[in-house]
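An overview of the molecular structure
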Amino acid sequence: MSRHEVGPHARGESLFIADLPDPAGTLHAAVLASPLAHGRITRLDTTAAAGMPGVARILTASDIPGANQIGGIVQDEPLLAEDVVHFVGQPVAVVVADTPRRARAGAAAIALELEELPAVFDPRAAAAAGELIVPSRTIACGDVDAAWGSCAVVVSGRADSGGQEHLYLETQAALTIPQGGGRLRILSSTQAPTAVQRIAARVLGLPMNAIEVDVARLGGAFGGKEDQATPWAVITALAARTLGRPVRIELERGEDMRMTGKRHPYSSDFRLGLAADGAILAYEATYYQNAGAAADLSPAILERSLLHASGSYVVPNLRVTAHSCRTNLPPFTAFRGFGAPQAMFVIESAITRAAEALGVDRVEIQRRSLLAAGDRFPYGMPAQQGHARRSFAELEERFEVARVRAAAAAFNREHPLVKRGVALMPVCFGISFTSTFLNQAAALVHVYTDGSVSVSTAAVEMGQGVNAKIIAVAARSLGVDAGRISIETTNTLRVANTSPTAASSGADMNGRAAEMACLAIRDRLRAVAAELLGVAPEQVAIAGDRVLRDGAAVELGWERLVWEAYTRRVSLSAQAHYATPRIHYDRSREQGEPFAYHVYGAAMVEVTVDCLRGTCTVDRVCAVHDAGRSLDPLVDLGQLEGGVVQGLGWMTMEELLFGDGRNLSDTLSTYKVPDILAAPAIEAVFLDDADNPHAVMHSKAIGEPPFMYGIGAYFALLDAMRAFRPDREAFFHAPMTPERILMFLHGDRTDAAVTQLDRARAAITS
Ligand code: LUZ
Ligand code: MOS
C-alpha cells in the first residue's frame with residue numbers, strides 16, 4: 001500500500017491552511033513580541049499603530065473577555081503579556097489588518113517600552129535560585145548508595161545536550177471563521193484539536209460547545225504543535241470573536257523560529273558503577289531540564305526522561321533526580337522522543353566514560369546489560385519481551401559489526417588524518433502517554449448506501465501516515481477494498497475530547513477505536529447476510545468486498561449487502577471509544593506499569609572525521625527494529641529513516657544558540673539541518689515474527705523510537721576522534737559540531753596534539 005495522499009501532496013492538491021482561499025471579509029493577524037528576555041512593561045501605546053493603513057484593531061491583554069491563560073499542565077502562561085515579559089518572542093499585542101504585511105507594519109508601529117529585569121538562561125543557575133516549574137522528582141530502585149562499594153569501577157561526569165528546532169515545513173497557522181450565533185469554527189495546524197477548543201473557550205469565556213476545531217492535515221509537527229499550535233489558533237479566535245470577521249495567521253519562518261519553543265536542552269551529572277564482569281551495577285544521575293519561561297509540557301517531558309533513565313539496560317541500583325528549571329527562554333516543548341533522547345544520551349555518555357576507564361569498547365558494556373524478558377525497569381514494570389537483546393544480537397550478526405569495527409581500525413592505522421568511528425545504539429521506548437488519562441481515543445464510522453466508508457477519529461495526519469494505517473485497519477476489519485475508505489478531517493464535532501496525536505500512539509489507539517467501530521458494523525452486516533443466505537451468522541464472513549459462506553464466496557457482494565441492510569433499517573454507523581487497558585502509574589512512589597508495551601531496536605552508526613578540518617560525515621546507519629506486525633511497512637520504513645536523520649541532526653549539526661535570550665540561530669543559514677547530502681545510507685530491517693498483543697493488529701508504534709538511533713552518531717564521532725587523539729578524554733556536549741570536533745582534536749595544543757599533527761603533516765609530505 002503506498003502512502004495515503006502521496007499523489008495529492010506531490011501534485012500540490014492537498015490543501016494546508018495557508019492554501020485555503022480567504023472567506024469573504026478575512027483579516028490577518030500579526031503579533032508584537034517582546035524584544036527582551038525579562039522586563040517590566042512601562043509603556044504600551046497603540047495609538048500610532050491603530051492609525052496605520054489597513055489596521056482594523058489592536059488587541060492587548062485587556063481585550064481578553066475570559067481568562068488570559070493558556071497553560072495546560074500548569075496555568076502559568078498568559079496568551080498576551082500583562083505587566084512583565086519573560087522571554088524574547090513572547091506575544092504582547094495582536095494587530096489585525098487587511099493584509100499580513102499591513103498587520104506586521106502595524107505591530108512594528110506599537111510603542112513598547114520595557115524596564116529590563118535580570119534574566120537567567122542556564123538551568124543549573126535557575127535551579128540554584130530555586131526557580132523550578134514543578135517540584136523535582138526522583139526515581140529509584142535497589143540501593144544505589146550501598147552498591148558503589150561493590151563496583152569494580154566507578155566513573156562520573158557531565159553530559160549536556162542542546163535544544164532542537166522542529167522545522168516543520170508548514171509553520172504555525174490558523175484560521176477562525178465566525179459561524180453566527182456566537183459560534184466559532186477554528187481551522188488549526190494542531191496536533192491537539194481539543195486543546196485548541198478548550199483553551200479558546202477559556203480565553204473567550206465561551207462553553208466548549210460554541211467552538212468547533214477542524215484539522216485536515218499538518219505539514220509536519222514533530223511535537224511542535226502539541227501545545228504550541230494553541231496560542232496562534234486562540235489569537236485568531238480572539239480577533240474573529242472581537243471583530244465578527246474571519247481572521248487568519250501564518251507565521252513567517254523567522255517568527256516561528258524565534259517565538260515558539262523547541263526541544264529542551266538538558267544539563268546532567270552522572271555516576272556509573274560496573275561489576276568486574278562489566279555488568280552495570282549502579283547508576284545515578286541528575287537532570288537539569290531547561291524548561292524556558294513557562295511549564296508548557298515540561299513536567300510530562302521530565303517524567304518521560306525519568307522513565308527512560310536506564311535506556312535499554314537492566315540497572316539493579318539506580319537513583320535519578322530531575323529538575324525542571326524556569327529560565328527566560330521561549331517555553332521548551334514536546335519534540336519527538338519527549339525527554340527520552342536526553343535521558344538516553346546521559347546513560348550512553350556514562351557507558352562511554354566507563355568503556356574508556358576499562359579500556360574496552362562501548363559495545364562490550366552495552367551487550368552485557370541489555371534488558372532480557374522479565375527484567376524490571378526502575379519503575380517496577382517487567383520487560384514483556386526480550387527484543388532488546390534480540391535486536392542487538394541480530395544487528396551484530398546481520399551487519400557484521402565486528403568486521404565493520406575491525407575495518408575501521410585498519411582504516412585508521414593507514415590514514416593519519418582521516419578517522420572512522422563506529423558506535424552501536426540500542427533503543428527501548430515506552431508506548432503510552434505517561435499521563436494515563438490521555439490514553440484514550442475514539443472513532444466514528446459511517447457506511448453510506450453505495451458501500452463507501454467514512455472514518456473519523458481523533459488522529460491528526462501530519463505526514464506520519466496515520467491515515468494510511470487507519471485505512472488499512474478499517475479495510476481489514478470490514479473486509480472491503482481500501483479504496484472504499486475515506487478518512488475525514490479531525491473534527492471536535494465528530495470526535496470529542498481528543499487526546500493529542502502524540503506519544504507515537506496515534507495509530508495504536510485510534511486504529512483500535514476504528515477497528516472496534518468497524519467490527520460493530522461488520523457484525524450487523526453479517527447478521528443481515530446470514531438472514532439473506534438462510535444460515536447462521538457464524539458461517540458468514542466478509543472479505544475482499546464479498547460475502548463468504550463457510551469460507552466460499554457467494555453471489556452477494558458488499559454493495560448489495562449494504563443496501564439490503566439499509567432497507568432493513570439496520571444502522572450503518574458506529575461510534576467506538578478505546579482506552580488502553582491495564583496501565584497505571586503511582587507518582588508518589590514512582591512505580592507502576594505506565595506503558596502498554598515497549599518498542600525495541602538497535603542501530604550501528606558509522607562516521608568519518610576529517611581530522612584536519614574537523615568536518616565529518618555520517619556514512620551509514622544500520623538498524624534492526626521491532627515494528628511488530630507492521631500495518632504498513634513502507635510508512636514504518638519512512639518513519640524510521642526520517643527519525644534517524646532527525647536524530648543525527650540533533651546530535652551533529654543542529655545547534656540552537658541564544659545570546660541574551662535572543663535566538664541567534666533563527667534562519668536556515670545559521671541553523672543547520674541535515675539535507676539529502678548529509679543523509680547517510682540507511683539499511684533497516686524489521687524483526688521477523690515479532691508480534692505485539694498490546695496494539696492494534698499486533699503492530700507497534702513507530703513515530704518516536706527511531707529518532708534515538710541517531711544518538712549513536714555522537715559516540716561514533718567520539719570513537720573516530722579518539723582514534724586521532726587517544727590521549728584525550730571523551731566529552732559529552734551535543735551537538736558534536738565541527739567546532740567542537742576541531743577543539744577536541746587540536747584546541748588544547750598540547751605537545752601530544754602538536755606531535756600528532758606534525759606526524760600527520762610529515763605523512764602527507766612524504
Ligand atoms: N505527549 C504527552 C507526549 O503529553 N505525553 C507523553 O507521554 C508523550 N510522550 C511522547 C510524546 N508526546
Ligand atoms: Mo509528540 S513529542 O507531540 O509525540
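Residues numbered from 1 in each chain as written. Chains lettered and ligands numbered in written order. Predicted model: local features only at pLDDT ≥ 70, side-chain atom pairs only at ≥ 80, totals over all residues. Heavy atoms only, no water.

1. Describing the overall build of the protein chain
Along the backbone of the protein chain there are 20 helices and 31 strands. Dimensions of the protein chain along its principal axes, counting C-alpha atoms only, are 85 × 80 × 55 Å. Within the protein chain, buried positions represent 60% of all 766 residues. The long-range fraction of contacts in the protein chain, counting pairs at least 24 apart against all pairs at least 6 apart in sequence, stands at 79%. Accessible surface computed for the protein chain: about 27,700 Å², of which carbon and sulfur atoms make up 52%. For the protein chain, the distance from the average site of its 71 positive side-chain charges to the average site of its 85 negative ones is 1 Å. (Helix = DSSP H or I, 4+ residues; strand = E, 2+ residues; numbered from the N terminus. Buried < 20%, exposed > 50% of the residue type's maximum accessible area, 1.4 Å probe, protein only. Contact = heavy atoms within 4.5 Å. Areas by Shrake-Rupley, 256 points an atom, 1.4 Å probe, with all protein chains shown as cover. Lys, Arg positive; Asp, Glu negative; His and termini not counted. Charge placed at Lys NZ, Arg CZ, Asp CG, Glu CD.)

2. A few points about unusual backbone geometry
Most peptide bonds take the trans form, and the phi angle of most residues other than glycine is negative. Here the bond from Ala 734 into Pro 735 is cis, since omega is 0°, no more than 30 degrees from zero. Position of Pro 735 among the secondary structure elements: in the loop between helix H18 (711-724) and helix H19 (738-747). Residues other than glycine seldom take positive phi values, yet Ser 504 does so here, at roughly 60°. Relative to the elements of secondary structure, Ser 504 occurs in the loop between strand E20 (490-491) and helix H15 (506-533).

3. Structural notes on the layout of surface pockets
By volume, the second largest pocket amounts to about 450 Å³. If you list the elements that add at least two residues to the lining of the second largest pocket, you get strand E8 (153-161) and strand E13 (266-274). The greatest single-element share of the lining of the second largest pocket, amounting to three residues, is contributed by E8. Split by residue class, the lining of the second largest pocket holds eleven nonpolar, six polar and five charged. (1 Å grid on protein atoms, 1.4 Å probe; cavity = no way out; pocket = protein on both sides within 12 Å on 5 of 7 lines; lining within 4 Å. Points joined across faces, edges and corners; volume = space filled by probe spheres on them. Nonpolar A, V, L, I, M, F, W, Y, C, P; charged D, E, K, R; others polar.)

4. Let's talk about the nonpolar core
Residues Tyr 283 and Tyr 287 are the most contacted members of the largest nonpolar core, which totals 109 residues. Non-local contacts of Tyr 287, meaning those with residues more than four positions away in its chain, are made with Tyr 266, Ser 267, Ser 268, Ser 305, Leu 306, Ala 309, Val 320, Thr 321, Ala 322, His 323, Ala 343 and Val 346. (Core = buried A, V, L, I, M, F, W, Y, C linked by side-chain atoms within 4.5 Å.)

5. Notes on the packing of aromatic side chains
Applying the stated rule across the entire model yields 14 aromatic pairs. On the basis of an interplanar angle of 90° and a centroid distance of 5.1 Å, the ring pair of Phe 345 and Tyr 714 is categorised as edge-to-face. Here the residue Phe 345 occupies a position in helix H10 (residues 340-358), and Tyr 714 occupies one in helix H18, the gap between them amounting to 369 residues. Residues Phe 345 and Tyr 714 agree in their burial class; the two are buried. Considering the side-chain rings of Tyr 714 and Phe 731, the 6.4 Å spacing of their centres and the 80° angle between planes classify their relative orientation as edge-to-face. Here Tyr 714, found in helix H18, pairs with Phe 731, found in the loop between H18 and H19; they are 17 residues apart in sequence, far enough to count as distant. Of the residues examined, Tyr 714 reaches a relative accessible area of 0% and is grouped as buried. Given the relative accessible area of 22%, Phe 731 is considered partly exposed. These aromatic residues form a ring-pair network of at least three members: Phe 270, Phe 345, Tyr 714, Phe 715, Phe 731, Phe 732 and Phe 744. (Phe/Tyr/Trp six-rings, centres within 6.5 Å; stacked < 30°, edge-to-face > 60°.)

6. Focus on the sheet that holds strand E18 (residues 453-457)
Taken in spatial order, the four strands line up as E19-E18-E17-E24 in an open sheet, and their pairing is mixed. At either end of the open sheet lies a strand with only one pairing partner, and these are strand E19 (485-487) and strand E24 (573-579). Here the strands of the sheet are splayed against their neighbours by 20° on average, with no regard to which way each runs. Bridge analysis of strand E17 (residues 440-447) against E18 gives five bridges, and the strand direction is antiparallel. (Pairing = 2+ DSSP bridges. Axes fitted to C-alpha atoms, helices over the stretch in contact; angles between N-to-C directions.)

7. Section: the site of ligand 1
Close contacts around ligand 1 come from Glu 226, Arg 304, Phe 338, Phe 433, Thr 434, Leu 438, Ala 502, Ala 503 and Glu 704, and that covers them all. Between ligand 1 and Arg 304, the relevant distance is 2.9 Å, taken from a nitrogen atom to a side-chain nitrogen or oxygen of the residue. Taking Ala 503, its main chain carries an N or O atom lying 3.3 Å from a nitrogen atom of ligand 1. Within the complex, 96% of the 290 Å² of free accessible area of ligand 1 lies under protein. Within the shell around ligand 1, the residues separate by chemical class into five nonpolar, one polar and three charged. (Near = heavy atom within 4 Å. Polar contact = N/O pair within 3.5 Å; in protein donor to acceptor, adjacent residues only side chain to side chain.)

8. Some points on empty space enclosed by the protein
Inspection of every chain in the model, using the stated rule, returns four cavities of 30 Å³ or more. Forming the walls of the largest cavity are 14 residues, and the residues nearest its centre are Asp 508, Met 509, Thr 580, Ala 596 and His 694. The leading source of residues in the lining of the largest cavity is H15, at three residues. Of the residues contributing to the lining of the largest cavity, the split by class is seven nonpolar, five polar and two charged. Each of domain 2 (266-433 + 589-746) and domain 3 (440-579) gives at least three residues to the lining of the largest cavity. Roughly 40 Å³ of internal volume is contained in the second largest cavity. (Domains from an automatic or database assignment.)

9. Examining the sheet that holds strand E15 (residues 317-326)
Strand order in the open sheet formed by five strands is E7-E15-E14-E13-E8, and the pairing between neighbours is mixed. Two strands in the sheet have a free side with no partner beyond their single neighbour: strand E7 (137-141) and E8. Taking each pair of neighbouring strands and ignoring which way they run, the sheet shows an average axis angle of 10°. With ten bridges connecting them, strand E14 (residues 280-292) and E15 associate as parallel partners. What sits directly across from Tyr 287, in E15, is Ala 322. Across the face of the sheet, helix H9 (residues 298-307) comes into contact with E7, E13, E14 and E15 while running at roughly 160° to E15.

10. Notes on the domain arrangement of the protein chain
According to the domain assignment, the protein chain contains domain 1 (3-118 + 166-259), domain 2 (266-433 + 589-746) and domain 3 (440-579). Measuring from the centre of the C-alpha atoms in domain 1 to the corresponding centre in domain 2 gives 35 Å. Taken together, the contact pairs 24 residues of domain 1 with 29 residues of domain 2. It is Ile 73, Phe 222 and Met 257 that lose the most area in domain 1 upon contact with domain 2, and together they represent 22% of the buried surface on that side. Put simply, domain 1 and domain 2 have two salt bridges between them. Partitioning the side of domain 1 that touches domain 2 into residue classes produces eleven nonpolar, seven polar and six charged. (Buried area = accessible area lost by both parts, 1.4 Å probe. Salt bridge = Lys/Arg side-chain N within 4 Å of Asp/Glu carboxyl O.)

11. As for the pattern of salt bridges
Within this structure, the stated rule accounts for 54 salt bridges. The salt bridge involving Asp 160 is made with Arg 158; its shortest N-O contact spans 2.9 Å. Overall, Arg 158 belongs to the partly exposed group, its relative accessible area being 42%. Note that Arg 319 is salt-bridged to Glu 284, the shortest N-O span being 2.6 Å. Remark: Glu 284 occurs in strand E14 and Arg 319 occurs in strand E15; sequence separation between them is 35 residues. Each member of the salt-bridge network shares a partner with another, and the members are Asp 361, Glu 364, Arg 367, Glu 396 and Arg 405.

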